[in-house]
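# A structural walkthrough
Chain residues, written in single-letter form:
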Amino acid sequence: MLSFSLVVFVVIRVIPGDAATLILGIQADDSSLEQLRTELGLNKPFINQYAQWLYNIIHLDFGHSRLHGVSVKQLIKERLEVSIPLAFLSFVTMCIIAFSLTLLATLYKNIASCINVYNFSIIALPNFILAFVFIYYFGLYYMILPAGGYPDQEASLYIKLTHLILPSLTLSITQAAITTRIWQASLHKNMQSNYVLLARAKGLNTRQVILRHALRSSLNPVLGILGLQTAFLLSGIIIIENIFALPGIGTLLVKSVYSRDLDILQNLIMLFILTVLFINLIVDLINVRIDPRNQAFEDR
Amino acid sequence: MPKTISRIAGCILFILITMSLVSLFYTPYPVHEINIHKRLNSISWMHWLGNDQYGRDILSLIMRGLLNSISVSVSALLLGSNIGIILGLFASLYAGGITFFIRRLSDFIFAFPSLIIAIMLSLWLGSGYLNSTLTISIFLIAVYIRFVSVAARNIWNEPYIQAAYLCGKNTWNILYDHILPSILPLIIVQSITLFSISIIIEASLSFIGLGFVSPQPSLGKMLYEGQTYFFMAPHIIFIPSIILGVFILAVQICGQELSSYFSKHYNIRLSD
């Protein structure tokens, strides 16, 4: 974690050159530049700046956004109120879609090839293409759902939810296709193993065999891919929030790249990376719970 | 995958790549020609795929944009695969500190979502050809390290490697003569899949405005710039999306076909 923070710090603070020039522009005079440098603590040696940043993070002080005029903490907190429901909603939808598609494909052999073709084509498409199709049909043509934007804080939960449906659906469909593919392969492999044969010999029908025996052991590679997918999900959130004009952390990130708001960038990127690491940790822990054989490989 | 589908995919791929190459010396209209009277015009005989928000010919833009996307992906693939394969082979070689370091390096890169890498690099390099190429290749290096080291590790355990040792070959010779040829089919198949993925990443980068700089067209950038006009003229979004989607799909189908060809080939060889 320390090494991650070091890399982020070095790349953002040290490499782009003088932050004061970036903020004030090239035409700024020397005295104001000097004043800003002292204000930002840029005159101190590099190690001191880095230590100061870490110290501040531990004390939950994320600095101050020069552009928005509020503290980064408050800004990120506001934005997370949009992004966390979006991520959560798309994760849940993803699980539902993947689960039902997998079961359908395993139970009914003649649907399986249809589902395969569907998965294949969905994986191939970048998710923003899907987003445009959704906006066009649901938002503009049939006018069922809002095509983008996000209501105020005072708006009711229902209205907020309708604004999140299309983005989360777009995010989840791509993710679900990948998950389904892996889940289906793993389930297929499990269905040919000896214990399934035994269960069949006991007199269980296919549905019972899958639900009682094969499903649990097939979860293992799926969880493995879920950890990897959080990274894709976060990339997806950045793009999708920009298309649907949602005021989440993705739009904040892109905006602060353009305005060179280094304080926001530094902390947001750290937040993204910590999320990925944290979810990967959780996935590993769950994996051990589900399949005790993994305990042996823990100290790999 | 039925034969006809993969043949169709191959034809489409061939046509699209030829189209993009032809754009080097011929496009129906000059790529940057602005014709404000024909702004947002739909499909017509004069302009086969319509005009965009500045009245530029979409067909010409797509031809050049496809070339740009392909050239970024190919150069990223060349850079990423060379470094990644060498590092991956090293990682399979020793069980000591270097391996640990290389493995950690690839884990380290995987923890950054690729768009985040792009954003960090764009602060440094500004957006453009170099930025997208470097971003994609950093991501690809991690992927190559991971799968090359695992595949090569499996082959080191084969008996014929020990036989080669007994013949008096040293480690480097074995690496070059035995390990590399036997993982080559895997590398080729993976590279095609990764090519389609890097096209997707390039499109996403241009889409959030971190890809090509303004006069240069790219498919993702056409979508990014056309977004505002989506309500008035849906075709300036849909046509580039369709081309992009069809291209990626065709690449993936060809990769699938190639992998089934190799696996067939290998089964025959193994049964001999």
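Criteria and thresholds
Residues numbered from 1 in each chain as written. Chains lettered and ligands numbered in written order. Predicted model: local features only at pLDDT ≥ 70, side-chain atom pairs only at ≥ 80, totals over all residues. Helix = DSSP H or I, 4+ residues; strand = E, 2+ residues; numbered from the N terminus. Buried ≥ 20, exposed ≤ 12 C-beta atoms within 10 Å, placed from the backbone. Contact = placed C-beta atoms within 7 Å. Axes fitted to C-alpha atoms, helices over the stretch in contact; angles between N-to-C directions. Parallel < 35°, antiparallel > 145°, perpendicular 65-115°, else oblique. Left-handed = near helix turned anticlockwise from the far one by under 90°. pLDDT = per-residue confidence, 0-100. Core = buried A, V, L, I, M, F, W, Y, C linked by C-beta atoms within 7 Å. Nonpolar A, V, L, I, M, F, W, Y, C, P; charged D, E, K, R; others polar.

## Concerning the overall build of chain A
Helix and strand content of chain A: 12 helices and zero strands. Within chain A, the proportion of its 300 residues that are buried is 32%. If you take every contact in chain A between residues at least 6 apart in sequence, the share linking residues at least 24 apart comes to 67%.

## Some remarks on the overall build of chain B
Along the backbone of chain B there are nine helices and zero strands. Across chain B, helices and strands are ordered from the amino to the carboxyl terminus as α-α-α-α-α-α-α-α-α. The principal-axis extents of the C-alpha atoms in chain B amount to approximately 75 × 45 × 30 Å. The buried share of chain B, reckoned over its 272 residues, is 42%. Considering only contacts within chain B whose residues lie at least 6 apart along the sequence, 70% involve residues at least 24 apart.

## Focus: the environment of Lys77(A)
Turning to its location among the elements, Lys77(A) is positioned in helix 5 (residues 72-107). Through-space distance from the C-alpha of Lys77(A) to that of Ile249(A) is 9.2 Å; in sequence the pair is 172 residues apart.

## Quick notes on the packing of helix 6 (residues 109-124) of chain A against helix 8 (residues 157-191) of chain A
All names here are of chain A. Contact geometry of helix 6 with helix 8 gives a least axis separation of 9 Å together with a crossing angle of 130°. On the basis of their axis angle, the class for helix 6 and helix 8 is oblique. Between helix 6 and helix 8 the crossing geometry is left-handed. Taken together, the residues of helix 8 that come into contact with helix 6 (itself represented by Asn119, Ile122 and Ile123) are Ile173, Thr174, Ala177, Ile178, Thr180 and Arg181.

## Observations concerning the confidence of the model for chain B
The predicted model of chain B averages 82 in pLDDT, with 96% of residues at 70 or higher. Model confidence for the complex: the whole-complex pTM is 0.81, and ipTM, which rates the interface, is 0.74.

## As for the nonpolar core
Residue and element names in this part refer to chain B. Core analysis: the largest hydrophobic core is formed by 109 residues, its most contacted members being Ile62 and Leu140. In terms of residue count, helix 2 (residues 58-93) provides more of this core than any other element does, 15 residues in total. If near-sequence neighbours (up to four positions away) are discounted, Ile62 is found in contact with Leu49, Leu219, Pro240 and Ile243.

## A closer look at unusual backbone geometry
The residue Ala245(A) is not glycine, and still its phi comes out positive at about 55°. Along the chain, the position of Ala245(A) falls in the loop between helix 10 (206-244) and helix 11 (249-258).

## Remarks on the packing of helix 10 of chain A against helix 11 of chain A
All names here are of chain A. Direction vectors running N to C along helix 10 and helix 11 enclose 85°, while the axes themselves pass 7 Å from each other. Here helix 11 runs roughly perpendicular to helix 10, going by the angle between their axes. In contact with Ile237, Ile238, Glu241 and Asn242 of helix 10, helix 11 contributes Gly250, Thr251, Leu253 and Val254. The residue inventory of the contact of helix 10 with helix 11, partitioned by class, reads four nonpolar, three polar and one charged.

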